[in-house]
Amino acid sequence: MDKWEYLSTTITWDHTERQWVSSEGTKTTTIQEFLNSCGKQGWEMVAFAPDRYTAGDTGGNQYTTTYVTQWAAFAYRAMFKRHLP
């Protein structure tokens, strides 16, 4: 029977450094660069989804943020697996 190990990580946009940072501390300029580095280490991605959002356009209403017409993801959750030796 195959045995696996799993990795669950959050990839968050750092506005100060203008790069993506994983919960393990890996820093990259694009999400694709991070995903490719995981693949080179033998990790196979099994799930990827937005994790946290920030409000974008408030529909022109400057007094409230309850009416939001756009949301932007600033963090993603990625889950990987790879065979145990």
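An account of the accompanying structure is given in this report. (Residues numbered from 1 in each chain as written. Predicted model: local features only at pLDDT ≥ 70, side-chain atom pairs only at ≥ 80, totals over all residues. Heavy atoms only, no water.)

Here we look at the overall build of the protein chain
For step 1, the next point in the chain: Secondary structure summary: the protein chain contains one helix and five strands in total.
For step 2, the next point in the chain: Walking the protein chain from its N terminus toward its C terminus, one meets helices and strands in the order β-β-β-α-β-β.
For step 3, the next point in the chain: Classification of the 85 residues of the protein chain by burial places 24% in the buried group.
For step 4, the next point in the chain: Put simply, 53% of the contacts in the protein chain that link residues at least 6 apart link residues at least 24 apart.
For step 5, the next point in the chain: Total accessible area on the protein chain stands at roughly 6,100 Å², and carbon and sulfur atoms take up 51% of it. (Helix = DSSP H or I, 4+ residues; strand = E, 2+ residues; numbered from the N terminus. Buried < 20%, exposed > 50% of the residue type's maximum accessible area, 1.4 Å probe, protein only. Contact = heavy atoms within 4.5 Å. Areas by Shrake-Rupley, 256 points an atom, 1.4 Å probe, with all protein chains shown as cover.)

With respect to the pairing of strand S1 (residues 4-14)
For step 1, the next point in the chain: Note that S1 and strand S2 (residues 19-22) share four bridges and pair antiparallel. Counted as the bridge partner of Trp-13 is Trp-20 from S2.
For step 2, the next point in the chain: Following S1, the chain reverses through four residues before pairing antiparallel with S2; Arg-18 in that reversal takes a positive phi of roughly 55 degrees. (Pairing = 2+ DSSP bridges.)

Let's talk about the pattern of salt bridges
For step 1, the next point in the chain: Scanning the entire structure with this criterion turns up three salt bridges.
For step 2, the next point in the chain: Linking Arg-82 and Glu-5 is a salt bridge whose minimum nitrogen-to-oxygen distance equals 2.7 Å. In this pair, Arg-82 is assigned in strand S5 (residues 71-83) and Glu-5 in strand S1, connecting sequence segments 77 residues apart.
For step 3, the next point in the chain: Take Glu-5: its relative accessible area is 27%, and that puts it in the partly exposed class.
For step 4, the next point in the chain: Lys-27 is the partner of Glu-17 in a salt bridge, and the nearest nitrogen-oxygen pair spans 3.2 Å. Of the two residues, Glu-17 is situated in the loop between S1 and S2 and Lys-27 in strand S3 (residues 27-28); the sequence distance between them amounts to 10 residues.
For step 5, the next point in the chain: By relative accessible area, which is 44% here, Lys-27 ends up partly exposed. (Salt bridge = Lys/Arg side-chain N within 4 Å of Asp/Glu carboxyl O.)

Regarding the side chain of Gln-19
For step 1, the next point in the chain: Locating Gln-19 in the fold gives a position in strand S2.
For step 2, the next point in the chain: On the basis of relative accessible area, Gln-19 is assigned to the buried category, the value being 16%.
For step 3, the next point in the chain: A polar side-chain atom of Gln-19 sits 2.6 Å from a polar atom in the side chain of Glu-17. (Polar contact = N/O pair within 3.5 Å; in protein donor to acceptor, adjacent residues only side chain to side chain.)

Observations regarding helix H1 (residues 31-40)
For step 1, the next point in the chain: Of the residues making up H1, those classed as buried are Ile-31, Phe-34 and Cys-38. For H1, the angular spread of the buried residues around the axis is 65 degrees, confining them to a single face. Seen from the buried face of H1, the exposed residues on the opposite side, beyond 90 degrees, are Gln-32 and Lys-40.
For step 2, the next point in the chain: Where H1 ends, the next residue or the one after it, Gly-42, has phi of about 95 degrees, a positive value. (Arc of directions from axis to C-beta.)

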